Amino acid sequence: MDIEDLQTFVEVADAGGVSAAARRLGVSKSIVSRRLFRLEADLGVQLLARTTRGAALTEAGATFRDHAARVCTEIDIARETILPAEDLRGRLRIAAPLSFGPTDLAPVFAELARRHPLLHVHACYSDRFVDLIGEGFDCAVRVGYLPDSNLIARRVGPIHGKLVASPDYIKAHGAPETPDELLGHQALMQGTETWQFVDGDKTISVHPQGRFKADNGTALAIAAVAGLGIAWLPACLTESYVASGALVAVMTRYPPPTAGVFVVRPPGQHPARKVRVLTELLIEHFG
């Protein structure tokens, strides 16, 4: 049985279809279909029932999928064990934020690929909170404050944020001096998040309100420049606007707590070596 056929079957089972699996694997749909046909022929059973919406596991396929996934994992570990320390192979799928990612993370991913010419690096940039397991990512780089989850996270660096507003907004509405005063202002947010601020040894939580929302930090910075409200953003997204005078830091007596850059991976006893190497490179970059 070909290990690539097994890996392809697991990807199709997890992705729910041939097209989605082909995108994950970076190959054509015809190659995925050929590998599936070959595996089913080897086993003499049907593993997947093709439908107009994708592919559903048969009873035999559901039973075989867990065994196949364990075999693939063990093979990956075995390969890593015998390869030289500097020799990374295979594919590394990384989910990264669209805000911050192309500017601050893309150079690190490119350096990883440069140092390891046999490694295929596939980075997906989106501010959507991706499902690592369901969507087949090896890891994600996330920025901010991590909610509780069953994922394993490693902090690789700090992120400093601030509240900013345009001079026009401040001229029209004033600038808040305290977290309580912030509640009387228009907040530019991604959703219904809670904002936190440091007051000595205390942390103050505020639930701001606002009419403008966007799922992208760059878009919120542009809205702040346009005078639509006050935004809480990482310094890396606002420093050029602050330097030019288009944005001004407000409520500086109550800074947000320092956030972090994290590498997040699915649960497991040991991270894959390619994830460990990426993590070390990010620590080197942000350190």
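Just so it is clear, the model here is predicted, and its values are computed rather than measured.

### Digging into the overall build of the chain
Turning to step 1, where the next piece is worked out: Secondary structure summary: the chain contains 10 helices and 13 strands in total.
Turning to step 2, where the next piece is worked out: For the chain, the spread of C-alpha atoms along the principal axes amounts to about 75 × 45 × 35 Å.
Turning to step 3, where the next piece is worked out: For the chain, with 287 residues in total, the buried portion stands at 41%.
Turning to step 4, where the next piece is worked out: Considering only intrachain contacts with a sequence separation of at least 6, the fraction spanning at least 24 residues in the chain is 72%.
Turning to step 5, where the next piece is worked out: Distance between charge centroids for the chain: 4 Å, based on 30 positive and 32 negative side chains.

### Things to note about helix α3 (residues 29–43)
Turning to step 1, where the next piece is worked out: Helix length check: α3 (15 residues) gives 21 Å between terminal C-alpha atoms against 21 Å at 1.5 Å per residue, within 8%.
Turning to step 2, where the next piece is worked out: Every buried residue belonging to α3 is among V32, R35, L36, L39 and E40, and all of these are buried. Looking down the long axis of α3, one finds its buried residues gathered within 130° of arc, a one-sided arrangement. Away from its buried face, by an angle of more than 90 degrees, α3 presents the exposed residues F37 and A41.
Turning to step 3, where the next piece is worked out: At its buried positions, α3 is contacted by α1 (3–15), α2 (18–25), β1 (48–51) and α4 (59–82).
Turning to step 4, where the next piece is worked out: Phi turns positive, to about 75°, at G44, one or two residues after α3.

### A look at the side chain of R142
Turning to step 1, where the next piece is worked out: Among the secondary structure elements, R142 is positioned in strand β5 (residues 139–144).
Turning to step 2, where the next piece is worked out: At 2.8 Å, the side chain of R142 forms a polar contact with the backbone oxygen of V130.

### Quick word on the nonpolar core
Turning to step 1, where the next piece is worked out: Membership of the largest hydrophobic core comes to 23 residues, with the highest contact counts inside it found for L92, L105, L278 and L282.
Turning to step 2, where the next piece is worked out: Of all the secondary structure elements, the ones that give two or more residues to this core are β3 (90–96), α5 (101–115), β5, β6 (152–159), β13 (259–265) and α10 (273–286).
Turning to step 3, where the next piece is worked out: Element by element, the count of residues in this core is highest for α10, at 6 residues.
Turning to step 4, where the next piece is worked out: If we ignore the near neighbours within four places in the chain, the residues touching L282 are L105, V108, V141, V156, V263 and G287.

### A short note on the pattern of salt bridges
Close approach of charged atoms allows side chains with opposite charge to pair.
Turning to step 1, where the next piece is worked out: Under the definition given, this model contains 8 salt bridges.
Turning to step 2, where the next piece is worked out: For E111, the salt bridge identified is with R115, shortest N-O distance 2.7 Å. With a gap of 4 residues between them, E111 and R115 both fall in helix α5, about one helical turn apart.
Turning to step 3, where the next piece is worked out: Assessed through its relative accessible area of 22%, E111 is described here as partly exposed.
Turning to step 4, where the next piece is worked out: R115 is paired through a salt bridge with E284; the nearest N and O atoms lie 3.2 Å apart. Here E284 lies in helix α10 and R115 lies in helix α5, a separation of 169 residues in the sequence.

### A short note on the sheet that holds β13
Turning to step 1, where the next piece is worked out: Judged by pairing direction, the sheet is mixed, and its 5 strands sit side by side in the order β4-β3-β5-β13-β6 without closing on themselves. Sheet topology places β4 (119–125) and β6 at the edges, where each strand pairs with a single neighbour. Sheet twist, expressed as the mean angle between neighbouring strand axes with direction ignored, is 20°.

Each value, and the rule that gives it
Residues numbered from 1 in each chain as written. Predicted model: local features only at pLDDT ≥ 70, side-chain atom pairs only at ≥ 80, totals over all residues. Heavy atoms only, no water. Helix = DSSP H or I, 4+ residues; strand = E, 2+ residues; numbered from the N terminus. Buried < 20%, exposed > 50% of the residue type's maximum accessible area, 1.4 Å probe, protein only. Contact = heavy atoms within 4.5 Å. Lys, Arg positive; Asp, Glu negative; His and termini not counted. Charge placed at Lys NZ, Arg CZ, Asp CG, Glu CD. Expected span 1.5 Å × (residues − 1). Arc of directions from axis to C-beta. Polar contact = N/O pair within 3.5 Å; in protein donor to acceptor, adjacent residues only side chain to side chain. Core = buried A, V, L, I, M, F, W, Y, C linked by side-chain atoms within 4.5 Å. Salt bridge = Lys/Arg side-chain N within 4 Å of Asp/Glu carboxyl O. Pairing = 2+ DSSP bridges. Axes fitted to C-alpha atoms, helices over the stretch in contact; angles between N-to-C directions.

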